[in-house]
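Fold and contact review
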Amino acid sequence: MNVISRIGNHVKAPGTILECTFANLPSASAMYGEKVIVTDYNVWFRSNGTTWDAMSPIPLGRSAGRVTTTSNGVAADATLISVTVPAGLMLVNSYIDVENLFRMTNSVGVKSIKVKVGGSTMYSFSGASSQSLNQSYRIRNDNSLSAQVGYVSSATSFNGSTSDVIAAAINTANSFTVEVTAAPAVITEFVTLVHSEIVLYR
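The paragraphs below set out a description of the structure included in this document. Quantities reported herein were computed from a predicted structural model and do not represent experimental measurements.

**Some thoughts on the overall build of the chain**
Looking only at helices and strands, the chain features 0 helices and 16 strands. Here the chain, with 202 residues, has 42% of them falling under the buried criterion. Relative to all contacts within the chain whose residues are 6 or more apart in sequence, the contacts with residues 24 or more apart total 59%. Approximately 10,100 Å² of the chain is accessible, and the part contributed by carbon and sulfur atoms is 50%.

Printed below as a string of structure tokens:
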């Protein structure tokens, strides 16, 4: 097959693959019915004439290896993984899944783990006397590019709660970050991010 690295005139010969970066996607209205590989994520996008539909989940980031933070006695958040979501990638009802697996010092010392969106904390776990934590969190655009909702911060994310959902007001029409942080409170104690995967569903 022929492969072209940029899109100019979208009229193409049979068997040609169109590909470009997300930032260089042309107007969806001019490409109705066309499919394009977005090379940032190696994901097919298809134009519906109004916008570009991702034909599969969009992988934003995955931990390359284990990342550990050890307390020096100051309970400050250390970033274990951070990804940037480019402007316009999220639509009004898009959502992001954050899946993390942690190991930590099993002691009475408190360990704080957070998921932050655009610098705002949406998930926060604070616990002790645990050796590990499997954390799953979903950040949803709430029918708006600038309003998000998520489940109340909890170590047991699938149980009921007497608390309301978490709300945020990040303008996802602009680029923003999603990051996972940890802060063990007791000196020499640690939190290790064993594995992390952050995926966007457009």
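Moving on from the model shown.
**Focus on the packing of aromatic side chains**
Counted by the stated rule, this structure contains 3 aromatic pairs. Here the guanidinium or amino end of Lys35 rests over the ring plane of Trp44, the centre of that ring lying 5.4 Å away.

**Here's the deal with the environment of Ser129**
For Ser129, the position within the fold is in the loop between strand S11 (120-127) and strand S12 (132-141). Residue class for Ser129 comes out partly exposed when judged on its relative accessible area of 48%. Sequence separation between Ser129 and Val108 is 21 residues; the distance between their C-alpha atoms is 5.2 Å. Here Ser129 is in contact with Asn106, Ser107 and Val108, once residues within four sequence places are set aside.

**Some points on the sheet that holds strand S15 (residues 176-184)**
With antiparallel pairing, 4 strands are arranged side by side in an open sheet as S8-S15-S10-S11. In this open sheet, the two strands that pair with only one neighbour each are strand S8 (78-85) and S11. Here the strands of the sheet are splayed against their neighbours by 10 degrees on average, with no regard to which way each runs. In this structure, S8 lies alongside S15, joined through 7 bridges in antiparallel fashion. Along S15, the bridge assignment pairs Ser82 with Glu179.

**Observations concerning the side chain of Glu189**
Within the element layout of this structure, Glu189 appears in the loop between S15 and strand S16 (190-201). At a separation of 3.2 Å, a polar atom in the side chain of Glu189 contacts the side chain of Lys111. Every residue in contact with Glu189, bar those within four places of it in the chain, is listed here: Thr69, Thr70, Ser71, Thr105, Ser107, Gly109, Lys111 and Pro184.

**Focus: the pairing of S15**
Moving residue by residue along a regular strand, the side chains alternate between the two faces of the sheet. For S15, a buried count of 8 out of 9 residues is recorded, marking the element as mostly surrounded by other parts of the structure. Sheet topology note: the strand S10 (residues 111-117)/S15 ladder contains 7 bridges and is antiparallel. Each bridged residue has a counterpart across the sheet, and for Lys114 the counterpart in S15 is Thr181.

**Examining the pattern of salt bridges**
Summed over all chains, the structure comprises 5 salt bridges. As a salt-bridge pair, Arg62 and Glu197 come within 2.7 Å of each other at their nearest N and O atoms. With Arg62 in strand S6 (residues 58-62) and Glu197 in strand S16, this pair connects stretches of sequence that are 135 residues apart. Accessibility expressed as a relative area gives 54% for Arg62, which makes it exposed. Using a relative accessible area of 25% as the deciding quantity, one classes Glu197 as partly exposed.

**Notes on the nonpolar core**
Core analysis: the largest hydrophobic core is formed by 43 residues, its most contacted members being Leu60, Ile96 and Val178. When neighbours within four sequence positions are excluded, Val178 is seen to be in contact with Ile81, Ser82, Val83, Val85, Ile96, Val98, Val115, Lys116, Ile139 and Ile198.

**Concerning the environment of Ile170**
One can find Ile170 in the loop between strand S14 (166-168) and S15. Sequence-distant contacts of Ile170, defined by excluding residues within four places in its chain, comprise Val117, Gly118, Ser120, Leu145, Ser146, Ala147, Gln148 and Phe176.

**Details of the side chain of Asp97**
For Asp97, the location among the structural elements is in strand S9 (residues 95-104). Polar side-chain contacts of Asp97 include one of 2.7 Å to the side chain of Arg138. Those residues within four positions of Asp97 in sequence are excluded, and the remaining contacts are Tyr137, Arg138, Glu197, Ile198, Val199 and Tyr201.

Reading guide: rules and limits
- Numbering of residues starts from 1 in each chain and follows the order in which that chain's sequence is written.
- Side-chain atom pairs in this predicted model are given and counted only at pLDDT of 80 or more, local residue features only at pLDDT of at least 70, and totals for whole chains, interfaces and linings cover all residues.
- Here the side-chain values reflect all heavy atoms present in the structure, with hydrogen atoms and water set aside.
- In this description a helix means any DSSP run of H or I spanning at least four residues, a strand means any run of E spanning at least two, and both kinds are numbered starting from the N terminus.
- Accessible area is worked out with a 1.4 Å probe on protein chains only. A residue is then buried under 20% of its type maximum, exposed over 50%, and partly exposed in between.
- Residue contacts are counted whenever heavy atoms from the two residues lie within 4.5 Å of one another.
- Using the Shrake-Rupley algorithm and a 1.4 Å probe, accessible areas are obtained, with residue cover drawn only from the displayed protein chains.
- Note on aromatic pairs: the rings of Phe, Tyr and Trp (six-membered ring only in Trp) are paired at centre separations within 6.5 Å, and the planes decide the class, stacked below 30 degrees, edge-to-face beyond 60, tilted for the rest.
- Whether a charge sits over a ring depends on NZ of Lys or CZ of Arg being within 6 Å of the ring centre and within 35 degrees of the ring normal.
- Following DSSP output, two strands are said to pair if at least two bridges run between them.
- The axes are straight lines fitted to the C-alpha atoms, using for helices just the contacting stretch, and the angles between their N-to-C directions are given from 0 to 180°.
- N or O atoms within 3.5 Å of each other form a polar contact, as long as, within protein, one can give a hydrogen and the other can take it, and as long as residues adjacent in sequence are counted only when both atoms are side-chain atoms.
- Between Lys or Arg on one side and Asp or Glu on the other, a salt bridge is scored when a side-chain nitrogen of the former is within 4 Å of a carboxyl oxygen of the latter.
- Here the nonpolar core consists of buried residues drawn from Ala, Val, Leu, Ile, Met, Phe, Trp, Tyr and Cys, with membership extended through side-chain atoms lying within 4.5 Å.

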